[in-house]
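Residues per chain, in single letters:
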Amino acid sequence: MVKIIKEGTFGPGEAIILLGISNIARIFLSYPRSLVEIGGSAAWMTPLGGLAAALAGIYLMSLVLKKSPGSTIIEITEMVFGPFIGMAVNILIIAHILEMGGALFIREFSEAMLITTLRFAPISVIDAVFLAMGLLGAYLGIEALARTARLIYPYILGGLIILIFTLIPFWNFHNLLPVFGKGPKEVFLLGTYSTAGIAEIIIAGVIVQAMGGAEIFARIGYRSMLIGFAFLIITLAVLVLTYNWPISEEFTLPFLRLARTIYLGRFIQRLEAIFILVWVFVGALKIALLLYGAAVSLARSLKLPDYRPLIWPLGLAMFILGLLPLDMLAAIKLDIVYLRSFVLIPNYLLPLLILAVFWFKGRRERAGS
Amino acid sequence: MSILKKMLSIITYQENTSREGFVLEETADDRQTGQKAGTSPERKAAGEYGEPEAVHGREERAPAGRRSFKKPVRPLNKAGDKSQKIKNSSTEGRQADQVSSQAKGEPLINELSVSSSLAKNRETIEELYGLPDNKDIIVRDIVIGTNPEIDGFLVYVDGLVDKSVQDLLIQALIIFAARPAPQDKGKLALYVKERLLPGNQVSTQSRFRDILDAVNYGDTALFLEGCAEAVLVETKGWEHRAVEKPVIEQILRGPQEAFGETLRTNTALVRKIIKNENLTTELLKVGARNRVNVAVMYLRDVANPSLVAEVKRRIESIKTDFIVDAGMLEEFIQDSPYNLNPTILATERPDRAAASIVEGRVAIIADGSPFALIVPATMYEMLQTSEDVYSRWQLGTFIRYLRILALYISFLAPGVYLSVVLFHHEMIPTELLLAIAGNRERVPFPSVIEVLLMEISFELIREAGLRIPGIMGTTIGIIGALILGQASVQANIVSPILVILVAITGLSSFVIPYFSLAFTLRIYRFIYIILGTTMGFFGIALGLFSQIILTANLKSFGVPYLAPTGPRTVGGADVVTRLPVFFHEKRPDYLNPREIIRQPDISRGWLKQKDGGKDN
């Protein structure tokens, strides 16, 4: 397969951090609240099943990618399903989900910004600023994004660690009881279903060549998933420990609430404004990565020599789609009901299907010989 | 019609060919270690097929090098394939001369050779130099006192030559040359060079281009009757500054010499420090009109050959008429001229240039400029001074961390202040909030106007302090700042807290050792003021994200600008934390030098002896 798109390259460390940061973007939104709703006092356990599923997803994807080293999931899909169905699958499933993910993330991050700092700003302005950052990041390419992720992760990590440690005085370990919260069925089944839907597996499949190929794909994938889920689990645990689960269910943005709770004497208190920096960095990286993924997967599906002409139209579409939901609740609902379910298809179903086709082809060949 | 075409060309897609930047190749060692670690299949394939394939493979995946806001029309982009372009580039300088001389209807000086007729040579010289109007070109007829006597004439530029050397030369030719002349007049020049002249550098040339270059650079040319070659004697001796103390990069401990305006002195200053036969000084000519000599200095056995080739390729490809300072050259050869950050380091310290050369970098010194350009340069190097290494390592490390703090304060402080005051009051403890509010109570302006007023006045004072002649410049600057600060507070135009803020910001920007970077941060500061005022911390975050991603994307001669942190490479002992010198075992990995080891793991032999106890 001729490689048509020029991408940069970066090391495994940068790839792990980039995907990890992209994965933790959801903890800044109202997503943890929905998990507390599912798990109650055992909210921190809900991502465990999702983590197992994500690791399995990475394993499946790595198996698929190893079938044709040097190609990405886009070329493999086309190879397996033929030029027409393959292209349709690529555009309708992969490019579509990344584009929609970007649109919803733009909207949710903008709403979060409105709630935290700029209460009177029009949503379109904040949306446009996020879009501008996304456009810049996607235009400069995956290599610049990976480097940026590598440069800013100490601040993100440091911010989260400060948050955890400064909240220790507020912790009450009784909040974690009962151990299984609303029941093992909810915690593990429903929890797995709602945490396994992450965009990073399919993004990793799209940018696999820039990350260094299929060989090291699994290693990068596992570690980034562990990082992302570890942060989610820690945040959920800190949330339930600090406020108990019935109160945590009430917060629109649980992370903001936690940052606001910090009180280290009269001089150092209410540090949520500093967390805005971390927040915006993560959001911008996530949006840029999704936009890049959408543009590259579309360009690869359409056999274009460069992805960059697609960035502007896709970005504009993201902006408009992001503005379509009536309010924040509608956006969150779309995220939970539509996006998190739909993303399971390219993450888990598509690789399974591809592997099945490979298996059938192999069997037929063996039978023929 | 043309407008329509232009508009169509704006909206139609055209592949940007200029994005393939120069990428510094990894050395063979690196590739091997990379393969062991299990890298991409392409990289493996590249290694198997040898160097040319590897280069090709890398280029295909090469990251976007420079992205220009407006694509500049570069001669290399115009036509022909890449290899041909590189081959052609060495002759392009000459072609530029031809073009300019043809345009004026002058004879093609490059084609002109010395004739065996003295009268014809004289005529050519007079025509080329525009004599007799051109008064500082001296043509002196002499008769060489050999047997038989030979007619000849000397050409030199008055003021550029050393009169005493000139006298010796003329004496030697007229008085002390009493010996038989050779029969074959064609070999006269060689005879004069070998037997008659005492000058320290003597050569023979037959092309007028070379002869004029030498004469314009202070040499004396001797033309002889019947000989189709001219003798060039080195008689350089113009007025110049002595080696003085550094002005911009002052340090307390370490050598106190600075580069001057004379190229040879500058190269000698570097060579004086690096006493090594592998130190190579290549001379290239730039500028069709003033034909400046540019020295490219590197260590043959350390610097990456592809880096040296790239430096020479960029310098040789420059087509311009006039270059007088390294700053102009810098703009011609740097990777991302549209980005605010400088990607080339200019230094006036020979010791710094020497240290960089020993690390595997290349120094570029233009004649007439007291600054050497160091490539490739990363941002971390721009935050270092030579003193960090000369003083004790604890002090060096402490100062570097202080500088990093100053870096952030210098461009972020006013913007963050504005966003806190305008958007995030809750962050400020109540007492401080009341203090700020109390101070601001009588000030009639919004905070942003206050900050802008003070910042702009500060910039004015700084600029004025620099331009006021003589020693009173800095004094007036400081007094002006004090009076302005004091008076503006008393007049209730700004609040006192703001004066403190602007003063700290100003101090911080003076802490940045590399002035180009300090200028960059001054401009960034105003951008952050606007962002902080309009969107608070959200705006600051927007600015930081954009700045980080744009800066992380920069390259300096194939080396990422934020190496070794973005991308992460082997850190080394001298990035921000300056470990003791006996830990500096390796050269920077991102430079991919030919020889990466600087010193063995145990560089302090005396420790080993004492521990072993066998030698005692």
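Residues numbered from 1 in each chain as written. Chains lettered and ligands numbered in written order. Predicted model: local features only at pLDDT ≥ 70, side-chain atom pairs only at ≥ 80, totals over all residues.

Visitor: What am I meant to see in the interface of chain A and chain B here?
Guide: One frequent convention defines the size of an interface as the accessible area lost when the parts assemble. Between chain A and chain B, the residue contacts involve 42 residues of the former and 33 residues of the latter. Those elements giving two or more residues to the side of chain A that touches chain B turn out to be α1 (12-24), α6 (123-140), α7 (142-166) and α14 (272-301) of chain A. In terms of residue count, the dominant contributor to the side of chain A that touches chain B is α7(A) (seven residues). Taken together, the residues that form the side of chain A that touches chain B break down as 21 nonpolar, 11 polar and 10 charged. (Contact = placed C-beta atoms within 7 Å. Helix = DSSP H or I, 4+ residues; strand = E, 2+ residues; numbered from the N terminus. Nonpolar A, V, L, I, M, F, W, Y, C, P; charged D, E, K, R; others polar.)

Visitor: Help me understand the sheet that holds strand β7 (residues 292-299) of chain B, please; the structure alone is not making it clear to me.
Guide: The strands making up a sheet associate through hydrogen bonds between their backbones, and the pairing can be parallel or antiparallel. Residue and element names in this part refer to chain B. Read from one edge to the other, the open sheet built from five strands follows the order β6-β7-β9-β10-β8, with strand pairing classed as antiparallel. Sheet topology places β6 (279-286) and β8 (345-347) at the edges, where each strand pairs with a single neighbour. Shown here is a sheet whose adjacent strand axes are inclined to one another by a mean of 25°, direction ignored. Sheet analysis places strand β9 (residues 362-366) next to strand β10 (residues 372-375), joined by four bridges and oriented antiparallel. Considered in β10, the bridge of Val-362 is made with Val-375. (Pairing = 2+ DSSP bridges. Axes fitted to C-alpha atoms, helices over the stretch in contact; angles between N-to-C directions.)

Visitor: I would appreciate a short explanation of the environment of B:Phe332 in the present structure.
Guide: Here B:Phe332 lies in helix α13 (residues 326-333). For the pair B:Phe332 and B:Thr320, spaced 12 residues apart in sequence, the C-alpha to C-alpha distance is 9.5 Å.

Visitor: Looking at this model, I keep getting lost on the confidence of the model for chain A. Mind explaining?
Guide: The predicted coordinates ought not to be read in detail in places where the model reports low pLDDT. Mean pLDDT for chain A: 87, with 98% of residues reaching 70 or above. Confidence scores differ between elements of chain A, with strand β2 (residues 268-269) of chain A showing the lowest mean pLDDT of 72 and α6(A) the highest of 93. (pLDDT = per-residue confidence, 0-100.)

Visitor: When you look at the sheet that holds strand β4 (residues 220-224) of chain B in this model, what are you seeing that I'm missing?
Guide: Residues and elements named next belong to chain B. Spatially, five strands are ordered β1-β2-β4-β5-β3 in an open sheet, and the strand pairing comes out antiparallel. Looking at which strands have only one partner, the edges of the open sheet turn out to be β1 (137-144) and β3 (202-205). The sheet shows a mean angle of 25° between the axes of neighbouring strands, direction not considered. Sheet analysis places β4 next to strand β5 (residues 230-233), joined by four bridges and oriented antiparallel. Pairing of Leu-222 across the sheet is with Val-231, part of β5. Lying over the sheet, helix α8 (residues 163-174) contacts β1, β4 and β5, oriented at roughly 30° with respect to β1. The strands touched by helix α10 (residues 208-216) within the sheet are β2 (150-157), β3, β4 and β5, with β2 carrying the most contacts at an inclination of about 55°.

Visitor: What's the story with the pairing of β10(B) in this structure? I'm lost.
Guide: Residues and elements named next belong to chain B. Side chains Ala-372 and Ile-374 project from β10 onto one buried face, and the interleaved Leu-373 and Val-375 project onto a second face that is buried too. Bridging between β8 and β10 involves three bridges; their strand directions are antiparallel. Across the sheet, Ala-346 pairs through a bridge with Leu-373, a residue of β10. (Buried ≥ 20, exposed ≤ 12 C-beta atoms within 10 Å, placed from the backbone.)

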